[in-house]
Amino acid sequence: MTTWHKRDWEQFYELAPAPLAASPPASAGVSDGINRVLPAQGFSLSELDDAGVDLDLAERLGLPVDAGRIGAYGPNVTVLR
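The sections below set out a description of the structure shown in this document. (Residues numbered from 1 in each chain as written. Predicted model: local features only at pLDDT ≥ 70, side-chain atom pairs only at ≥ 80, totals over all residues. Heavy atoms only, no water.)

**Some remarks on the pattern of salt bridges**
Part 1 of the reasoning: What the rule picks out here adds up to two salt bridges.
Part 2 of the reasoning: Between R7 and D8 there is a salt bridge, and its shortest N-O distance comes to 3.5 Å.
Part 3 of the reasoning: For R7, a relative accessible area of 56% translates into the label exposed.
Part 4 of the reasoning: Residue classification places D8 among the buried positions, given a relative accessible area of 15%. (Salt bridge = Lys/Arg side-chain N within 4 Å of Asp/Glu carboxyl O. Buried < 20%, exposed > 50% of the residue type's maximum accessible area, 1.4 Å probe, protein only.)

This is the structure in structure tokens:
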């Protein structure tokens, strides 16, 4: 078979997997000092700044921001990048 007919394309699209849904927004975490990471309310302003994400972009992307958190947790900056 050298060319595909319309019925071949219809069968192909029925069998082909559907595109993946958009991934949920990233979630923030904070280290408790031991060997665990606890969920945080959102990313701190310093984490956003270190990753090069301004507040408007974070809002457009649906990222949670916690203005009360102080400091930057390295893995959160990596997730934002």
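Let us keep going from here.
**Digging into the side chain of N76**
Part 1 of the reasoning: Position of N76 relative to the elements: it lies in helix α4 (residues 74–80).
Part 2 of the reasoning: According to the relative accessible area criterion, N76 is buried, its value standing at 4%.
Part 3 of the reasoning: A polar atom in the side chain of N76 sits 3.1 Å from the side chain of E47.
Part 4 of the reasoning: The residues touching N76, leaving out its near neighbours within four places in the chain, are S27, A28, G29, F43, E47 and R69. (Helix = DSSP H or I, 4+ residues; strand = E, 2+ residues; numbered from the N terminus. Polar contact = N/O pair within 3.5 Å; in protein donor to acceptor, adjacent residues only side chain to side chain. Contact = heavy atoms within 4.5 Å.)

**Examining the environment of V30**
Part 1 of the reasoning: With respect to the secondary-structure elements, V30 resides in strand β1 (residues 29–31).
Part 2 of the reasoning: We classify V30 as partly exposed; its relative accessible area is 30%.
Part 3 of the reasoning: Residue contacts for V30: discarding those within four places in its chain leaves R36, V37, L38, A40, R69 and Y73.

**Considering the environment of L45**
Part 1 of the reasoning: Tracing the sequence through the fold places L45 in helix α2 (residues 45–51).
Part 2 of the reasoning: In this structure, the C-alpha to C-alpha distance between L45 and G71, residues 26 residues apart in sequence, is 8.3 Å.
Part 3 of the reasoning: Apart from the residues lying within four places of it in its own chain, the contact partners of L45 are L55, V65, D66 and A67.

**Topic: the side chain of R69**
Part 1 of the reasoning: Within the element layout of this structure, R69 appears in the loop between α3 (55–61) and α4.
Part 2 of the reasoning: Polar side-chain contacts of R69 include one of 2.7 Å to the backbone oxygen of G42.
Part 3 of the reasoning: Looking at R69, its side chain comes within polar contact range of the side chain of E47, at 2.9 Å.
Part 4 of the reasoning: Not counting residues up to four positions away in its chain, the partners in contact with R69 are A28, G29, V30, A40, G42, F43, S44, E47 and N76.

Keep in mind that these numbers describe shape and distance, not what the molecule does.
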